[in-house]
Each structure stands twice: as C-alpha cells, then as structure tokens.
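The chain contents come next:
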Amino acid sequence: MAGKGLKSLTEAMKALSIASQPCRALPMRQSSSLSSRPSMASVATPPAANITRSVSEPWQPSMSTNTTANLDNVARAAKVLTPNSIANVPVTVYSFPELEPRSLESYSARHLHLPLRRDILHLAVIYEGDSTRRGMASTKTRYEVHGSHRKMSPQKGTGNARRGTRQSPLMKGGGKTFGPKPRDFSTKLNKKVYDLAWRTALSYRYKRGELIVTEDGLDLPLPNDFLWLAGGGKLSRELEDGYVRKWVHEFMTSLNWGKEAGRTTFITGDKRPNLYTGFELAGAEGRALELWDVDVKDLLETGRIVIERSALKEMIKDHQSDLVTRVAVQGLRQKGPKLGEVLVRAPRN
C-alpha cells in the first residue's frame, strides 16, 4: 500500500511540474488539417478585386492601415475646424442709406461669435428690469396722518364700539397698515456675467445676419427741398410731421426694415436730428437710441440692429471685463482681443 501511495504522489508531482511550465514548452499535437492552414500571424495575400460586382451593390473600400490613418487625420481636422475654434469673424461695414460695402473688418470670435446662452441673457434682462424700477410707492402710517391724536370717544358708556384716535387704520382716512414704502428693487449681477450677456446678444444678432454695421454719421437722408422749406418756416408743424412720418414709412418699407419686418433699432454715438425726429414721429417703424441709452434688452427686441462702426467698437470695449485683467504680468496687462482690424477698404470715389 505504501508503494502504491508513493507512486501516485510521484505522478502527481510530475503533472504539477508540467502544468507550471510556459505554454511554449507544453507538448502540442496538431492535426494534419490544422497544420496545412496558414497561421494568423502570417501575412495573408489580399483578395483580388471583385470586377463582377453588381451595380446595385454599394462600394466598400478596404480598410488598410494607410486608409485608417487618413481617416484619423480627417477626423482630427474636422475637430479642429469646429465653430468653437474660430478665432476671428469678418464684419462688413456699409454706407448708409445706399448700403454699399465700404470695408471689411475682423473681430474676435469672443466678441461676435459666442454660443447662445439663454440663461445669461435672462439674468441680464431681469437685472436691467429690476434696476429701472423706481419703487416710489408710499403710504402713511397712523403716526404720519395729519390731525389730533386724542381719543374720539370714551372707552365705555356710549354703547358703540371702542375707538381710539382718528388716525387708526380701522377708520376712514386713517393710516395704512403694512403699506408700501419707497424701496430699492435693484438686484446684483456679476459684472463679468453682465458683459458676457452683452456680447452674447451681439453674437446672436451677428449669426442671424441681423447686425448691420454702418459708417459713422448715420442719419436719415430727408429730401433737401423739404429741409429748405422746413428751415425757412414755410410749412406748418402738422404738415412737417405728416410728411416726415410718411417719408420714414416709405423709406423703411423699401428696405424691408419696417413694421412688417419686425421694426429696426438704430444705435448712434450721439443724437442725430433727422434720425431721432423721424422715429419719434414714426415709432411704429423703428426707434433710434444713443449708445449710453442701450441695454441688453434693446439688442433683442426688434427685428435687426443698425449700428455705427464707432458705436459698436465702444460698446464691445466697455463690456469685455471678462477678457481683460487688472493683474500685471512682467509689467504688462492683458488688453483683450483687437477691435475692428481693417482687412479690406473700398476706394473712395
């Protein structure tokens, strides 16, 4: 029995030593059918092209190593050319009212090509609305109502209800309980978020083709004969207003900028007499605003924005606090992207 146990133990140790060897040392048996097949490591001869392929069958190119590398390069190039990687965008400056291209300028994508952020625009519009609320509603308390503060009747013995002074809120003409008082409705908003909302609104208009930049000196070209008669006092006020109102309506309709097209907002650096007077009389066709009087809401309300070149540059310059810094590095501060770099300018006649 002891000999049989020792023999079994020896065979088990031999099997264990064979199992512990690497795979290449293990004895492998291959059949004749498997040995005749080429291994996966060997280079296979590419099949001949199927020249008898049917026309209805779609063509599928072979995915070789070079083809895969080329597709990877194309994918990288497509990723680089995404809209988020655009550095600069072109802006055409037109003459007014001819609307002929006069120059082509370059603006940073961080100025006029930002993605639409409805949440930031909403915060800016609410912030502006809260800031414009005056909060002047005011009522008088019982201590502010004029009159004597003596007790109107004795506490007991009259048979009537108990009454105090005439200024009591229970009495007609008395004070107001918990009435409104002048207060400040304004809320707070980070300046960088507010400036980002300005450029987001401009970018929204630019992407939709609704931002029209003109040369400086934007004004309505009223006829010279009318200006001469109006300047000489030969027309009544009603006749002048009626003519200007009709002329502005026809002018805006010819450009497809009027009431039917959603109205137009004109923005200038300072007040122009013909432009501002014309839209005061024909407010249904559009409106004219000075640069200091413009808010983010004004950039989103009407159908399009017509703005002077200098006013646009000043607007962007005043609202790029998130692009500049006050921290000086080696004595220099980040000034932000360039504004309106001229690329092409049309010759003057």
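Read on for an overview of the structure.

Rules used throughout
Residues numbered from 1 in each chain as written. Predicted model: local features only at pLDDT ≥ 70, side-chain atom pairs only at ≥ 80, totals over all residues. Heavy atoms only, no water. Buried < 20%, exposed > 50% of the residue type's maximum accessible area, 1.4 Å probe, protein only. Helix = DSSP H or I, 4+ residues; strand = E, 2+ residues; numbered from the N terminus. Arc of directions from axis to C-beta. Contact = heavy atoms within 4.5 Å. Axes fitted to C-alpha atoms, helices over the stretch in contact; angles between N-to-C directions. Parallel < 35°, antiparallel > 145°, perpendicular 65-115°, else oblique. Left-handed = near helix turned anticlockwise from the far one by under 90°. Nonpolar A, V, L, I, M, F, W, Y, C, P; charged D, E, K, R; others polar. Phe/Tyr/Trp six-rings, centres within 6.5 Å; stacked < 30°, edge-to-face > 60°. Lys NZ or Arg CZ within 6 Å of the ring centre and 35° of its normal. Pairing = 2+ DSSP bridges. Lys, Arg positive; Asp, Glu negative; His and termini not counted. Salt bridge = Lys/Arg side-chain N within 4 Å of Asp/Glu carboxyl O. Core = buried A, V, L, I, M, F, W, Y, C linked by side-chain atoms within 4.5 Å.

## Topic: helix α9 (residues 273–281)
- Residues of α9 that are buried: Leu 275, Tyr 276, Gly 278 and Phe 279. Along the long axis of α9, the arc covered by the buried residues comes to 160 degrees, so they all point the same way. In α9, the exposed positions that point more than 90 degrees away from the buried face belong to Pro 273 and Glu 280.
- Each element contacted by the buried residues of α9 is listed here: α8 (237–255), β4 (264–268) and β5 (286–290).

## Re the packing of helix α5 (residues 118–132) against helix α6 (residues 191–207)
- Viewed as axis vectors pointing N to C, α5 and α6 meet at an angle of 110 degrees, and their least axial separation amounts to 9 Å. One way to sum up the angle between α5 and α6 is to call them roughly perpendicular. Crossing geometry of α5 relative to α6 is assigned as left-handed. Here Ile 120, Leu 121, Ala 124, Tyr 127 and Glu 128 of α5 lie close against α6, whose contacting residues are Val 193, Tyr 194, Leu 196, Ala 197, Trp 198, Thr 200 and Ala 201.
- Residues that form the contact of α5 with α6 fall into these classes: ten nonpolar, one polar and one charged.

## Digging into the packing of aromatic side chains
- Scanning the entire structure with this criterion turns up nine aromatic pairs.
- Between the aromatic rings of Tyr 127 and Tyr 194, the centroid separation amounts to 5.2 Å while the plane-to-plane angle is 65 degrees, which identifies the pairing as edge-to-face. Here Tyr 127 is found in helix α5, whereas its partner Tyr 194 is found in helix α6, with 67 residues between them in sequence.
- Using a relative accessible area of 24% as the deciding quantity, one classes Tyr 127 as partly exposed.
- Tyr 194 gets classed as buried once you look at its relative accessible area, which sits at 15%.
- Each member of the aromatic cluster is reached from another via a ring pair, and the members are Phe 96, Trp 247, Phe 251, Trp 257, Phe 266 and Phe 279.
- Above the face of the Phe 185 ring, Arg 133 is positioned so that its terminal group lies 3.6 Å from the ring centre.

## Overview of the sheet that holds strand β2 (residues 101–108)
- Across the sheet, which stays open at both edges, the seven strands sit in the order β5-β4-β6-β3-β1-β2-β7 with mixed pairing between neighbours. In the strand order of this sheet, the two ends are held by β5 and β7 (341–345), each with one partner. With direction set aside, neighbouring strand axes in the sheet form an average angle of 30 degrees.
- Sheet contacts for α9: β4 and β5; angle to β5, the most-contacted strand, approximately 135 degrees.

## Some words on the side chain of Arg 304
- Its place among the elements puts Arg 304 in strand β6 (residues 304–308).
- The side chain of Arg 304 is buried and forms no salt bridge, while Glu 210, the nearest opposite charge, is found at 6.4 Å.
- With residues up to four places along the chain from it excluded, the contact list for Arg 304 reads Arg 205, Glu 210, Ile 212, Asn 256, Trp 257, Ala 261, Arg 263, Thr 264 and Thr 265.

## Considerations on the nonpolar core
- If you look at the biggest cluster of nonpolar residues, it comprises 27 residues, and the most contacted ones within it are Leu 112, Leu 202, Ile 267, Leu 299, Ile 307 and Met 315.
- Contributions of two or more residues to this core are made by β1 (88–94), α5, α6, β3 (211–214), α10 (296–301), β6 and α11 (309–318).
- Per element, the largest residue contribution to this core is five residues, and it comes from α6.
- Residue contacts for Met 315: discarding those within four places in its chain leaves Trp 198, Leu 202, Ile 267, Leu 291, Val 294, Leu 299 and Ile 307.
- One finds Phe 266, Tyr 276, Ala 282 and Ala 288 within the second-largest nonpolar core, a separate group that totals 19 residues.

Taken by themselves, the reported measurements are silent on function.
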